[in-house]
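A structural walkthrough
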Amino acid sequence: MGGHLNINHLFFLGHGALWTIGLSMIALVGGGIAGFVIALARISPLKSVRIASGAYVQLIQGTPLLVILFLGYFGLAAIGFSVSPLAAAGASLTLYVAAYLGEIWRGCIESVPKPQWEAAEGLALSRTQRMIKVILPQAVRIATPPTVGFMVQIVKNTSLASVVGFVELMRSGQIVNNSLFEPFMVYAIIAVVYFAMCYPLSLLSQRLERRMGRGRLTLAPA
Amino acid sequence: MRQDVGIVFQSYNLFPHLTIEQNIALAPCSVKRMAAAQAKELARKVLAQVGLEEKLHAYPEQLSGGQQQRAAIARSLAMQPKVMLFDEITSALDPELTGEVLKVIEQLAADGMTMVMVTHEMGFAKGIADRIVFMHRGKVHETGPASILTSPTTPELTQFVGTGNLKS
Amino acid sequence: MGIQLDFPAVLERWPSFLGGAVLTLELALFATVFGALLGTLAAVGRGAHRAVIARACKIYVEAIRNTPLLVQIFLVYFGLASLGLKLSAFTVAVAALTINVGAYTAEIMRAGFEAIPRGQIEAAEGLALSRFQIYWHIILLPAVERVYPALTSQFVLLMLASSVCSQISAEELTAVANYIQSDTYRAFETYIIIAVLYIILSLVMRAGFWGLGLVLFPRRRRLGTPL
């Protein structure tokens with residue numbers, strides 16, 4: 001029974017780690033684009049748009065990512081839409097990330113000082129011009145530290161894709177463990193690899209935050 | 001020793017999460033183990049001394065700067081100190097509010113409280129102090145009775161009183 | 001091909017769903033209480049004069065915040081087992097969630113401590129309060145009041161994250177759902193139902209924390225400062 005950790009195992013784990021990065025990228029890009037739309041919708045002049053986007057955020061933020069994943073994989077399959085684990089994980093993470101990034105970015109847009117909005121209005125810029133030329137460039141600066149901080153959450157949350165069978169780092173660890181039967185050691189290695197990916201992002205986020213001179217609390221879904 | 005000395009700060013430093021009554025009762029209750037009812041009675045008494053009896057249940061942020069400073073003095077008084085230190089207690093207040101705080105100090109002086117006061121209010125110091133120490137850039141330049149302010153001997157103090165600081 | 005949904009077939013299992021929801025709430029409440037204590041200790045520890053203690057607390061916080069909960073749960077599960085401890089999956093889940101939320105609590109509490117103005121402590125020293133009394137009345141309680149919204153949001157997120165405990169077969173809402181869907185072959189309906197239940201649970205928790213805040217912080221209640 002069992003065996004020893006060998007180079008093949010490490011190679012397999014490395015492959016899983018690459019997919020963790022890949023899935024994180026998919027979630028960041030997909031969730032970023034959708035989240036940007038959500039952020040703008042949340043401050044739309046149209047009430048119905050504000051209510052719809054607000055409801056979306058509330059729904060997603062009130063549901064565990066794991067349940068969204070199950071719904072996207074097992075749920076869709078049960079009603080006749082079979083999707084691959086990658087598609088299910090990518091789509092679920094995108095939906096999830098969009099709600100959180102949307103809220104973070106809305107806060108950043110709204111925290112651009114009021115006089116800036118008024119000044120832009122005084123210059124007779126249209127609403128779109130005001131957004132693109134005046135507000136967003138400043139909001140991007142404010143948004144950078146919390147966004148980098150949220151990337152840590154994205155990387156960690158990709159581990160949930162393992163439960164629908166997508167072979168990223170966590171799942172590759174489980175597979176390696178199935179041949180080694182050394183769960184504590186294997187998961188400790190996995191933890192170290194996650195830490196190596198996340199900690200630099202955390203540090204970067206803290207450093208950016210300090211440079212901006214504002215100690216703000218960013219919430220972190222575990 | 002710390003119990004015998006009361007300190008009042010320039011920035012009041014009232015505890016924002018506590019009512020004025022709780023601000024005053026906190027130290028007597030936790031340091032002197034006074035019963036709550038007795039501490040409440042004490043709070044009422046010292047607040048009356050600074051003319052703020054009606055603010056017993058208000059929170060600090062509901063008070064003006066001058067009222068907050070008077071409440072801070074009351075909080076200090078509640079520990080029945082032998083000596084009180086006042087560290088630029090009127091520097092953050094505009095002249096009108098400064099007046100109401102200084103009136104409280106006058107009353108304390110009349111009641112015989114020993115007080116050490118750091119201040120820029122030269123007119124006030126002259127009127128009330130038994131002894132004045134003039135300091136400039138961390139050095140003592142002159143000490144003596146209040147009269148040193150009217151007949152300064154060092155150039156530093158001469159210059160200071162000459163700049164109109166005495167009119168108040 | 002038409003989609004046929006049959007919610008009644010799944011909803012007739014409502015006692016199981018309800019039981020699962022109650023278990024999830026229990027799991028979250030245990031972890032919240034223990035995690036709040038652990039996190040506060042860690043936040044205090046980070047400010048300790050002993051460098052060893054401060055460092056240990058920092059390592060704990062960073063290690064937890066930079067690894068996935070799922071990995072932590074497996075590590076606790078197999079770690080305790082390898083120590084020869086035979087614990088129920090529920091107990092292991094409480095332990096893992098406590099360790100997890102403790103780190104986030106520590107970070108939030110630290111921000112609360114740092115926001116206490118120096119003058120507050122000087123004033124308390126001037127009133128001859130002891131070190132412990134200062135920590136309790138002037139630092140800890142006001143800090144909790146200040147970070148209460150962030151703390152409680154974190155605890156709601158913890159409740160949602162507890163769904164991961166289904167992976168070590170701890171009994172809670174998601175585990176119940178996994179069982180029901182494998183029994184009824186109605187995965188879509190089952191997961192929709194528990195998604196709704198989780199949303200209700202998070203609303204219940206928010207309402208509970210809001211009410212608790214009114215009781216705990218009379219100033220907020222009196223002055224109408226939003227919690």
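Owing to the predicted nature of the structure, the values given are computational and were not obtained by experimental measurement.

Residue and element names in this part refer to chain C. Mean pLDDT over chain C: 92, with 98% of residues reaching 70 or higher. Confidence, read as mean pLDDT per element, is least for helix 10 (residues 218-223) in chain C (81) and greatest for helix 3 (residues 51-65) (96). Scored as a complex, the prediction yields pTM 0.87 and ipTM 0.91.

In many analyses, interface size is given as the accessible surface area lost on bringing the parts together. Each partner contributes residues to the interface: chain A has 43 residues there, and chain C has 44 residues. Buried surface at the junction of chain A and chain C, both sides included, amounts to about 3600 Å², of which 76% is carbon and sulfur. Counting across the chain A and chain C interface gives zero salt bridges. Applying the counting criterion to the chain A and chain C interface returns four residue pairs in polar contact (both at pLDDT 80 or more). Secondary structure elements with two or more residues in the side of chain A that touches chain C: helix 2 (47-61), helix 3 (65-78), helix 6 (127-157), helix 7 (169-180) and helix 8 (183-212) of chain A. Tallying contributions element by element places helix 8 of chain A first for the side of chain A that touches chain C, with twelve residues. For the side of chain A that touches chain C, the residue count by class is 31 nonpolar, eleven polar and one charged.

Residue and element names in this part refer to chain B. The three strands are arranged 1-2-3 in an open sheet whose pairing can be described as parallel. Lying at the two open borders of the sheet, with one neighbouring strand each, are strand 1 (5-8) and strand 3 (114-118). The sheet shows a mean angle of 15° between the axes of neighbouring strands, direction not considered. Inspection of the sheet shows strand 1 paired to strand 2 (residues 83-87) by four bridges, in the parallel sense. Pairing of Val5 across the sheet is with Val83, part of strand 2. Packing against the sheet, helix 3 (residues 65-77) makes contact with strand 1 and strand 2, and its axis sits at approximately 170° to strand 1.

So, about the interface of chain C and chain B. Contacts between the two partners involve 19 residues from chain C and, on the opposite side, 24 residues from chain B. On the chain C side of the interface with chain B, the three residues burying the most area are Gln120, Leu127 and Arg219 of chain C, jointly 30% of the side's total. At the junction of chain C and chain B, the tally comes to one salt bridge. Where Arg219 of chain C meets Glu61 of chain B, a salt bridge forms, and the shortest distance between an N and an O atom there is 2.8 Å. In this assembly, chain C and chain B are joined by seven residue pairs in polar contact (both at pLDDT 80 or more). Where the side of chain C that touches chain B is concerned, the elements lending two or more residues are helix 6 (118-126), helix 7 (131-161) and helix 10 of chain C. Split by residue class, the side of chain C that touches chain B holds nine nonpolar, five polar and five charged.

Turning next to the arrangement of the chains. Of all two pairs of chains in contact, the one with the most contacts involves chains A and C. The two units chain A and chain B remain apart, with a minimum C-alpha distance of 21 Å.

Let us now look at the packing of aromatic side chains. Taken as a whole and judged by the stated rule, the model has 16 aromatic pairs over all chains. Geometrically, the ring pair formed by Tyr73 of chain A and Phe74 of chain A is edge-to-face, given 5.0 Å between the ring centres and 75° between the ring planes. Ring geometry for Tyr187 of chain A and Phe78 of chain C: centres 5.8 Å apart, planes at 10°, overall stacked. In this pair, Tyr187 of chain A is assigned in helix 8 and Phe78 of chain C in helix 4 (residues 69-82), connecting two distinct chains. An aromatic cluster of at least three residues, connected via ring pairs, comprises Phe70, Tyr73 and Phe74 of chain A together with Tyr191 of chain C. Stacked on the ring of Phe15 of chain B, the Lys or Arg Arg75 of chain B has its end atom at 4.5 Å from the ring centre.

This part covers a positive patch on the surface. A cluster of like positive charges, contributed by Arg207, Arg210 and Arg211 of chain A together with Arg55 and Lys58 of chain C, occupies part of the molecular surface. Where the positive patch is concerned, the elements lending two or more residues are helix 8 of chain A together with helix 3 of chain C. At three residues, helix 8 of chain A tops the list of elements feeding residues into the positive patch. Along the chain, Arg210 of chain A falls in helix 8.

What counts as what
The residue numbering used here restarts from 1 in each chain and proceeds along that chain's sequence as written. In the order they appear in the text, chains get letters beginning with A and ligands get numbers beginning with 1. Thresholds applied to this predicted model are a pLDDT of at least 70 for local features of residues and 80 or more for the giving and counting of side-chain atom pairs; totals over whole chains, interfaces and linings are not thresholded and use all residues. Processing note: side-chain calculations cover all non-hydrogen atoms of the structure and skip hydrogens and water entirely. Values of pLDDT, ranging from 0 to 100, describe the predictor's confidence in every residue of the model. Counting from the N terminus, the helices are DSSP H or I runs at least four residues long and the strands are E runs at least two residues long. Contacts are residue-level and defined by heavy atoms, with any inter-residue pair within 4.5 Å sufficient. Summed over both partners, the accessible surface that disappears when two parts come together, traced with a 1.4 Å probe, is what is meant by buried area. What makes a salt bridge here is a side-chain nitrogen of Lys or Arg within 4 Å of a carboxyl oxygen of Asp or Glu, nothing more. Whenever two N or O atoms come within 3.5 Å, that pair is a polar contact, provided that in protein one can donate a hydrogen and the other can accept it, and provided that, for residues adjacent in sequence, both atoms are side-chain atoms. Gly is placed with the polar residues, together with every amino acid not listed as nonpolar (Ala, Val, Leu, Ile, Met, Phe, Trp, Tyr, Cys and Pro) or charged (Asp, Glu, Lys and Arg). Pairing between strands requires that DSSP locate at least two bridges from one strand to the other. Lines fitted to the C-alpha atoms define the axes, with helices restricted to the stretch that makes contact. Angles between their N-to-C directions range from 0 to 180 degrees. By convention, a stacked pair of Phe, Tyr or Trp rings (six-membered ring in the case of Trp) has centres within 6.5 Å and planes under 30 degrees apart, an edge-to-face pair has planes over 60 apart, and any other such pair is tilted. Lysine and arginine charges are scored as sitting over a ring when NZ or CZ, respectively, is within 6 Å of the ring centre and within 35 degrees of the ring normal. Grouping into patches uses exposed residues only, defined as over 30% relative accessible area, and leaves out salt-bridged ones; the cut-off is 9 Å for like charges and 5 Å for nonpolar side chains (Val, Leu, Ile, Met, Phe, Trp, Tyr). Surface accessibility follows the Shrake-Rupley procedure with a 1.4 Å probe radius. Residue values consider only the protein chains on display as shielding. Counted as positive: Lys and Arg. Counted as negative: Asp and Glu. His and the chain ends are not counted at all. Where a charge sits is defined by one atom per residue type, namely NZ (Lys), CZ (Arg), CG (Asp) or CD (Glu).

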